[in-house]
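# Architecture at a glance
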Amino acid sequence: MTAPTAEPTGARARQTLYWRVRNGRTPEPTESAPRAWHIRHGHPGGEYSDLGHDLDPSGHHVPTLLTRSRPTGRREAEEFRGGCLACGWEGPVHRGDGYGDGDNQAVEEAHDHAFPGWRTLPPLTTVEDRSALPRDRGRWAQLTSRYPSGWLDQGAPLVAWSRHRREVHAPPHRGRPRYELRVLRPPGSRANRTADQEALF
Ligand SMILES: [Zn+2]
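Residues numbered from 1 in each chain as written. Predicted model: local features only at pLDDT ≥ 70, side-chain atom pairs only at ≥ 80, totals over all residues.

### Some remarks on the domain arrangement of the protein chain
Taken domain by domain, the protein chain comprises domain 1 (1-114) and domain 2 (117-201). When each unit is reduced to the centre of its C-alpha atoms, the spacing between domain 1 and domain 2 is 26 Å. Taken together, the 16 residues of domain 1 in the interface contact 15 residues of domain 2. With 5 residues, the top contributor of residues to the side of domain 1 that touches domain 2 is helix α2 (residues 103-114). For the side of domain 1 that touches domain 2, the class distribution of residues is 6 nonpolar, 6 polar and 4 charged. (Domains from an automatic or database assignment. Contact = placed C-beta atoms within 7 Å. Helix = DSSP H or I, 4+ residues; strand = E, 2+ residues; numbered from the N terminus. Nonpolar A, V, L, I, M, F, W, Y, C, P; charged D, E, K, R; others polar.)

Have a look at this one:
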């Protein structure tokens with residue numbers, strides 16, 4: 001069994017159960033905890049996230065990433081699904097290696113839940129912009145003026161053109177309380193491809 005009877009749903013409830021198993025508060029062996037759905041480390045509400053652990057759900061949807069390991073023959077396989085810290089929503093299950101494979105789809109679906117239409121947000125088009133643009137108040141204001149009203153305060157993501165296929169999405173942290181979602185550059189989006197490639201790599 002991967003979880004005690006009456007398995008809860010929703011990121012918060014699952015994370016609570018995960019810790020109860022890990023802390024030996026359930027009949028399940030503590031080492032079985034990773035097989036229960038829990039928040040991926042580094043993602044909002046999970047271990048190693050420095051966003052804090054508010055006990056009260058916020059008034060808006062908050063995307064995060066759930067994971068669990070499943071025994072498959074000789075080794076464990078990772079499964080992923082999107083979650084929300086404000087409600088019981090959970091996305092469909094994806095299996096993958098967790099380096100942009102499986103986890104990325106789940107994070108994107110969590111954003112479809114919290115910020116429908118996020119794929120049309122203005123993208124950061126160079127790797128330099130990922131660090132520079134949020135510190136450039138003028139360009140930051142210009143970029144975010146194209147966000148729907150209220151989204152910025154609710155942690156809407158930054159969208160950045162990825163450096164390669166399946167570049168893993170970056171979870172939010174205290175210095176930047178929003179995901180950075182790496183998307184494939186639309187084909188033919190720039191006339192000057194050479195300069196753009198140099199900027200990206
Ligand atoms: Zn929600």
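### Considering the pairing of strand β6 (residues 158-161)
Residue alternation in β6 divides its side chains into two sets, L158 and A160 and V159 and W161, and both sets are buried. Looking at chain direction, strand β5 (residues 123-124) and β6 are connected through 2 bridges and run parallel. Bridged to P123 within β6 is V159. Looking at chain direction, β6 and strand β7 (residues 180-183) are connected through 4 bridges and run parallel. Opposite A160, over in β7, you have R182 as the bridge partner. (Buried ≥ 20, exposed ≤ 12 C-beta atoms within 10 Å, placed from the backbone. Pairing = 2+ DSSP bridges.)

### Let's talk about the sheet that holds strand β1 (residues 38-39)
Pairing in this open sheet of 4 strands is antiparallel, and the strands run β1-β2-β3-β4 from one edge to the other. Whereas interior strands pair on both sides, the edge strands pair on one side only; in this sheet they are β1 and β4 (94-96). With 2 bridges connecting them, β1 and strand β2 (residues 63-72) associate as antiparallel partners. Across the sheet, the residue bridging to I39 is L66, located in β2. Sitting on the sheet, α2 is in contact with β2, β3 (75-84) and β4, with an inclination near 15° to β3. (Axes fitted to C-alpha atoms, helices over the stretch in contact; angles between N-to-C directions.)

### Details of the confidence of the model for the protein chain
Per-chain confidence: the protein chain averages 91 in pLDDT, with 92% of residues scoring 70 or above. Predicted confidence for residues 191-196 stays below pLDDT 50, and this span has 1 contact to residues more than four positions away or in other chains. (pLDDT = per-residue confidence, 0-100.)

### A few points about the environment of L65
Residue position: L65 is located in strand β2. Look at L65 and you get buried, because 29 C-beta atoms sit within 10 Å. For the pair L65 and G150, spaced 85 residues apart in sequence, the C-alpha to C-alpha distance is 23 Å. Filtering out sequence-adjacent residues up to four positions away, L65 remains in contact with I39, R40, H43, F80, G82, G83, D103, A106, V107 and A110.

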